Amino acid sequence: MKHVYWFEELSKDSLPVAGGKGANLGEMANSGFPIPPGFVVNADSYYEFVKLHGIDSIVNDLLVSLDVEDTNKLNDASKKISNAIMSYPVPEEMADQIIEAYSRLKEKTGSKVEYVAVRSSATAEDVPSASFAGQQATFLNIYNDQNLIDAVKRCWASLFTPRAIYYRVQQGFEHSKVKIAVVVQHMVQSEKSGVFFTVDPVTQDTGKMVIEAAFGLGETVVSGAVTPDTYIIDKKNLDILSRHIAKQEWMLIKSENANVKAGIKPDYQQVQKLSDDKIIELAKIGRDIEKHYGWPQDIEWAVENDKIYIVQSRPITTLRKEVGDSFRKGVKMGDKTFEEGFREEEKIERGVEASKAKVLFKGLPASPGFTSGKVRVILDIADLSSMQSGEILVTQMTTPDFVPAMRKASGIITDEGGLTSHAAIVSRELGVPAVIGTTVATKQLRTGMVVTLDSHKGIVYEGKVDLTEIPRERATVSGEILPVTATKIYVNLAEPEMADKIAKLPVDGVGLLRAEFMVAGIGVHPNKLFKEGRSQEFIEKLSEGMAKIAGAFYPRPVVYRATDFKTNEYRNLEGGKEFEPEEENPMIGYRGAMRYIKEPESFRMELKAIKKVREEMSLKNLWLMIPFVRRTEQIIEIKKIMEEEGLHQSKDFKLWVMIEVPSTVFMIEEWCKTGIDGISIGSNDLTQLILGIDRDNASIASEFDERSTAVLRAMQQVIRTCRKYGVTVSICGQAPSVYPEIAERLVEFGATSMSVNPDAIERTRKIVASAEQKVLLERTRKIMEALKLEEETVKHTLS
């Protein structure tokens, strides 16, 4: 059996052999793109290995009747399968082929010690490959024969992490149908690296390309650990339209056999990472890759010894439907840019503006997307054959018999069903927009009617409706074009009903989603619901509110702050008096992280709601923030609870904590070491606790001032420590939008984002842009003075 395929032997049609990543790398390598050399271990080799050692029987015995909701049993099964895979040897013939290929790779690169990246590349039979994105593992800087063989087995074992098992069971996939190939690729020791979008990912302007660049290995950019340079390029003529140079204080490099953080000399922290020539060279490559695939690409790139390498390229999957359609319909480069061609199509094809359209009814947003088309009402499975391609399927509820018709549909609407129903799961698999549980669809709609679905929001409109969003760089109240800032500007939000309106403003996401309004809307104390066995009621209602906001802002991040009711506020809910003590000073009482640990039941319900939104509704932009944390041990304990509920930190799921208590300022280094992804400074609580001033006490409220030297020093210490550890830093109090000097200081300290109320968005962005310019000019002045002093010293020495 042939166990190893070189990239040159593969193409985009090699999915069964090489999985998604492997087939894509083979396609690019054979098309002349600068791909680091490598090979793929055949997906069937995994099958041969598990069958040879009877591991397939072990998998079946452990998983056939496993209750994946039982976390302990799930973890135990995962561990047993992984241990079995790691304990058995790779067959000699298979190992020999892998080692021989590794030796040839070393000859190709001329390396004394060949370091490789070993990546899982999943595939499946009759299963959408996208279902497995992000489920398996990657291992970097692997060297020598035995380490490589072990890494291949670790990739195989990653098929059976608790997360992967749970996901497949939820989606109804058979474990035996999933295969996994393994990519082994020369490890580029990048001096500079980053990501490249061939369509502006924020405005979705198809005539612009966006490159992000940083010093060192690319993981820092992909994970968001550093703020990269941003270059915007005109796709047609490759003019560089703008350059935003970000300060970078550290980078990730390979040292011996590990990746380590290394400081960057102050003189180089503010320089442009890629020269203009390199920007244009990379832009040409990216444009050609997009042209080759006929679809906008999300590209990871690296530069080693002044040579550009493409490490990975995948389609951008978050395009608005009409933008995607402009590519599907063959809008080509030529006399016009993609954007110009798209706009011409728009004039002909778009319908009524959403603000003027008639809403017929609403339902649950089951599978995100937009679509318009003719209705086909099917009330009896005997009529399924009447379904035509491109029609919108309308029925009471789908069953497995409906799948052939669902594959033809451009949209799906049902009377019944929840977010785990057959219609919801299958529509997400197929990538078909769906609104379910409307109760009235089959009564109000008739075959042949034209309707439009906005299944981000669960709305069905009459007729053909233009759902094109206002480009965010122009979505201002005043109509002026706002400046681009390196510091992200987020918004504070509490009411799901406001999400659609606020999402059109020029913000980079939601930096503070307050839970309290949504819980108050439910009206019943969470502990009462738990006690009465009504937990699911709470989870459903909370997840519905979360989903409205996450859907409106998708793919921009939405940071959900877990409930931070004080005892006096909780007592006002139905059943609250039974569970809440009466406190003299609730502001510093039983609240925040302490409550989650002492009474984890309601916190676990919140986590289940988050998981539901992320996994069942595919809104991966929802993150979590923990408020009013007093001690390091609380973070550690909360992370354990999250893991038990199946919420694992990853590239697209971040854990933030709030800095509100003075003790956290002194313990911030220990907090960073716990593995948190970000912090947000709650300037209101932090100020009142540092100054000892109750901001709600009218007689002393005038003394409350975030500009206090003590408060600013606390912020400075927190921000600089977090940046040292690659932890992102935000602030969600009102200070930056009220006091321009605080915004300037936060920019100077190195804050990566600020979250403000909706009415302060435009003002804050202008303040931050001005502050960034001042900081940049001051640093440039200091660099120039230093260079002048150095020049004078050299002249003096020579004389």
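Scope of this entry: the structure provided in the associated data block. If you're wondering where the values come from, they're calculated on a predicted model, not measured in any experiment. The numbering scheme is per chain: residues are counted from 1 as the chain's sequence reads. Totals for whole chains, interfaces and linings use all residues, but because this is a predicted model, local features are given only for residues with pLDDT of at least 70 and pairs of side-chain atoms are given and counted only at 80 or more. Derived side-chain values reflect all non-hydrogen atoms in the structure, with water molecules and hydrogen atoms excluded from consideration.

1. Notes on the overall build of the protein chain
Okay, so step 1: Helix and strand content of the protein chain: 30 helices and 31 strands.
Okay, so step 2: For every residue, the accessible area obtained with a 1.4 Å probe (protein chains only) is divided by the maximum for its type, and the residue is called buried under 20%, exposed over 50%, and partly exposed between those limits. A burial count over the protein chain gives 55% of its 799 residues as buried.
Okay, so step 3: Note on areas: Shrake-Rupley with a 1.4 Å probe; residue coverage comes only from the protein chains shown. About 34,300 Å² of surface is accessible on the protein chain, with carbon and sulfur atoms providing 50% of the total. A run of H or I in DSSP becomes a helix once it reaches four residues, and a run of E becomes a strand once it reaches two; helices and strands are each numbered from the N terminus.

2. Some words on the sheet that holds strand 7 (residues 208-215)
Okay, so step 1: The sheet built from six strands is open, its strands ordered 9-8-7-6-12-13 with antiparallel pairing. Each end of this open sheet is capped by a strand with a single partner; those strands are strand 9 (240-244) and strand 13 (307-315). Taken pair by pair, the neighbouring strands of this sheet meet at an average axis angle of 20 degrees, ignoring direction.
Okay, so step 2: Working rule for contacts: check all heavy atoms of both residues, and any pair within 4.5 Å makes them a contact. Every axis in this analysis is a line fitted to C-alpha atoms, fitted for helices over the stretch in contact. Angles between the N-to-C directions lie between 0 and 180 degrees. Sheet strands touched by helix 9 (residues 276-293): strand 6 (192-197), strand 7, strand 8 (229-234), strand 9, strand 12 (297-304) and strand 13. Its angle to strand 13, the strand with the most contacts, is close to 35 degrees. Two strands form a pair only when DSSP identifies at least two bridges running between them.

3. Structural notes on the sheet that holds strand 24 (residues 488-493)
Okay, so step 1: With parallel pairing, the eight strands of this open sheet are ordered in space as 30-29-28-27-26-25-24-31. Strand pairing shows two members of the sheet lacking a second neighbour, strand 30 (728-731) and strand 31 (753-756), which therefore form its edges. Shown here is a sheet whose adjacent strand axes are inclined to one another by a mean of 30 degrees, direction ignored.
Okay, so step 2: As judged from the four bridges shared by strand 26 (residues 558-561) and strand 27 (residues 622-626), these two strands associate in the parallel manner.

4. Description of the packing of helix 26 (residues 683-691) against helix 27 (residues 709-724)
Helices that pack against each other are described as a pair by the angle of their axes relative to one another and the distance between those axes.
Okay, so step 1: One way to put it is that helix 26 packs onto helix 27 with a least axis distance of 10 Å and a crossing angle of 125 degrees. Judged by the angle between their axes, helix 26 and helix 27 are oblique. For helix 26 against helix 27, the interelement crossing comes out right-handed. Contacts between helix 26 and helix 27 involve Ser683, Thr687, Ile690 and Leu691 from the former and Ala710, Val711, Ala714 and Met715 from the latter.
Okay, so step 2: Looking at side-chain class alone, the contact of helix 26 with helix 27 contains six nonpolar, two polar and no charged residues. Any angle from 65 to 115 degrees is called roughly perpendicular, while one under 35 is roughly parallel, one over 145 is roughly antiparallel, and all others are oblique. Note on convention: the crossing is left-handed when the near helix lies turned anticlockwise from the far helix by less than a right angle, right-handed when the turn is clockwise. Classification convention: Asp, Glu, Lys, Arg as charged; Ala, Val, Leu, Ile, Met, Phe, Trp, Tyr, Cys, Pro as nonpolar; all other residues, Gly among them, as polar.

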